[in-house]
Amino acid sequence: MSRESVCPFLGIFLILNYMKKLLAFLLCFCPFMVNAQTEEDIRRSIDSYDYEVPITFIAPALGDSIFTPLRAQALKAMNRHAEALKEWNSLLQADSANTKVLIELAECYRLTNRSDQASICYGKAVSLQPENKFFRQQQIRTLLGMEKYEEARDASHAWLERDTLSATGYKFLGMAYEGMAMSDPEVLANAFFAYNAAYRRDSLDGQTVAHIASIFNNNNQFADAVNVTETYRLTDTLNVDVNRQNAKAYCMLKEYKKAVSRYEALKAMGDRSFTTLYYLGISHYGDNWPYGAQENLLEAYRKNPNDINLLYYLAKSCARTSWKEEGVEFMEKALELASPQDSTLARLYDGLLECYNYLPKADPYKKIEIIKKVYSYTKKYTLYYRIAEIYDYQKDYVNAVHYYEKYMALVPKDKQVALDDEGNPMHDIDTMYQKARRRVEKIKVEDFFRNGAHDDYFEPKIKRK
């Protein structure tokens, strides 16, 4: 190839190489250039909910304090929380004390069900700005949602040490103690005192009133529940939680007309929860309107078909309406649920016996009672042998002989002696029957030498406790 023919190709090669380097240079700086030119457009797109614009035109994890938050905001709005987390984390690397970034991170963690990380972020924000009530509120809410009640209690106390007038702080303290009461009922009094402190500071907080009324209802203080909820209803009749407790209190007081009125109002507000439908049905039944009871209890039944109390009232309601056959079926189902099958009870008692076998100092007579329960459901005659062994070990030879003999009387002849494949006795193998027989003979011989001959010694005695 001649020199003249090579030169054009060389020139093209040099031009392409230059353009490649220029393109690489531009790509390095392009995100900043594009962002600088389109910041106003991007903000305008966000304001008009066109989130694809910032997601497309802002480079991922850029770490820029102006544009990265815009991209993260757009990703969060589009439920792309995992990507939004990367954006906020890229900013936190440059400034770990940025509370805005910490809170945004916490929100993304919360939305992705990573509450443990969310609580850490909220905790860092609280440590940076201890006076910020929003940060403390979010931290405690997250801890309560994770059922970390002791940590929520401590965080609430830390808040109240700085602000003794905070109704919200006392309310969260009450919620923390109420959660702890599930494992330690004695601390429920602390929850009530905390809610009372919150109520004295803000009697118009519906959540606080609902919690106080709930404690009253659970403690059968229905009149008190009515008083506190009716006082609240003087200023707000639309709080669902307060109205539920108010209606339940009236139902428990057997003021059924009032309860029906309250529960019907809840239904009109869109509350079709199991509890509302159930108690509305009970209230209609108490008010002698079986058709209203049947309608609401049937709807509650679809939500929870295995609730025995619901089935009981639904059956009675149906029996007093046009659905009499259905009433029988519902009551039969309630009986079936209330009375487990023999196989289930046998399995449970057998499991209980196994637990007793692992107990180092188990009451032997309690074990005997359990074995008898298992026998009543399974009719396995070998259980008599186990009972006899326990009596024998306790040196209660009267009952031991009695149960050895009961066992032997039930053993089929072909099971009394070990047989080979041809049906011949195997003298080198002892069956349980043979062991029981020899043990009975030995006990009777030893008793003869101790006490002499008598006819009634081995009659079964009164069961020992």
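Residues numbered from 1 in each chain as written. Predicted model: local features only at pLDDT ≥ 70, side-chain atom pairs only at ≥ 80, totals over all residues. Heavy atoms only, no water.

Q: Is there a simple way to think about the nonpolar core in this case?
A: The nonpolar side chains of a soluble globular protein tend to be buried, and buried together. Residues I140, L144, Y263, L310, L314 and F330 are the most contacted members of the largest nonpolar core, which totals 60 residues. When residues in this core are grouped by element, the largest group, seven residues, is from helix 9 (residues 167–180). For L314, the residues in contact, after removing those within four places along its chain, are Q294, L297, L298, Y301 and F330. (Core = buried A, V, L, I, M, F, W, Y, C linked by side-chain atoms within 4.5 Å. Buried < 20%, exposed > 50% of the residue type's maximum accessible area, 1.4 Å probe, protein only. Helix = DSSP H or I, 4+ residues; strand = E, 2+ residues; numbered from the N terminus. Contact = heavy atoms within 4.5 Å.)

Q: Teacher, can you tell me more about the pattern of salt bridges here?
A: Side chains bearing opposite charge may pair, as long as their charged atoms lie close to each other. Within the structure shown, the criterion is met by 22 salt bridges. D205 is the salt-bridge partner of K171, the closest N and O atoms lying 3.3 Å from each other. Within this pair, whereas K171 is found in helix 9, its partner D205 is found in the loop between helix 10 (188–201) and helix 11 (206–218), the two being separated by 34 residues in sequence. Both residues of the pair, K171 and D205, belong to the buried class. D241 is the salt-bridge partner of R244, the closest N and O atoms lying 3.9 Å from each other. Of this pair, R244 and D241 both sit in helix 13 (residues 240–252), separated by three residues, roughly a single helical turn. One salt-bridge network, held together by shared partners, links E40, D41 and R44. (Salt bridge = Lys/Arg side-chain N within 4 Å of Asp/Glu carboxyl O.)

Q: What should I look at first to understand the confidence of the model for the protein chain in this one?
A: Parts of the model with low pLDDT should not have their predicted coordinates read in detail. On average, residues of the protein chain score 88 in pLDDT, and 89% of them are at 70 or above. Note on residues 1–7: pLDDT is under 50 here. Beyond four places in sequence and across chains, it has one contact. Note on residues 20–37: pLDDT is under 50 here. Beyond four places in sequence and across chains, it has nine contacts. (pLDDT = per-residue confidence, 0-100.)

Q: Help me out: how do you make sense of the packing of aromatic side chains in this one?
A: What describes a pair of aromatic rings is the distance from one ring centre to the other and the angle between the planes of the rings. Applying the stated criterion to the full structure yields 21 aromatic pairs. Plain terms: the ring middles of Y384 and Y403 are 5.8 Å apart, the flat faces sit at 35° to each other, and that makes the pair tilted. Of this pair, Y384 sits in helix 21 (residues 382–393) while Y403 is found in helix 22 (residues 397–410), placing the two residues 19 residues apart along the sequence. Taken as a pair, Y384 and Y403 share a single burial class, namely buried. Taken together through their ring pairs, the aromatic side chains of Y365, Y375, Y384, Y391 and Y403 make up a single cluster. Across from the ring centre of F172, 5.9 Å away, lies the NZ or CZ of K171, which sits over that ring. A cation over a ring is seen here: R320 above Y285, with NZ or CZ 5.2 Å from the ring centre. (Phe/Tyr/Trp six-rings, centres within 6.5 Å; stacked < 30°, edge-to-face > 60°. Lys NZ or Arg CZ within 6 Å of the ring centre and 35° of its normal.)

Q: Help me understand unusual backbone geometry in this model?
A: Leave glycine aside and you will find that most residues have negative phi; peptide bonds, for their part, are mostly trans. For N113, which is not glycine, the phi torsion reads 60° and is therefore positive. Mapping N113 onto the fold places it in the loop between helix 5 (99–111) and helix 6 (115–128). Residue classification places N113 among the exposed positions, given a relative accessible area of 70%. Positive phi outside glycine occurs at N220, with the angle close to 60°. With respect to the secondary-structure elements, N220 resides in the loop between helix 11 and helix 12 (222–233). Note on N220: relative accessible area 57%, which makes it exposed.

Q: So what exactly am I meant to see when it comes to the packing of helix 11 against helix 12 here?
A: Any two packed helices are characterised by the angle at which their axes cross and by the distance between the axes. Orientation of helix 11 relative to helix 12, taken along the N-to-C sense of each, is 165°, at an axis distance of 8 Å. It follows from the interaxial angle that helix 11 and helix 12 lie roughly antiparallel. As helix 11 packs across helix 12, the resulting crossing turns out to be left-handed. From helix 11, G206, V209, I212, A213, F216 and N217 reach across to helix 12, where they touch F222, D224, A225, V228, T229 and Y232. Taken together, the residues of the contact of helix 11 with helix 12 sort by class into eight nonpolar, three polar and one charged. (Axes fitted to C-alpha atoms, helices over the stretch in contact; angles between N-to-C directions. Parallel < 35°, antiparallel > 145°, perpendicular 65-115°, else oblique. Left-handed = near helix turned anticlockwise from the far one by under 90°. Nonpolar A, V, L, I, M, F, W, Y, C, P; charged D, E, K, R; others polar.)

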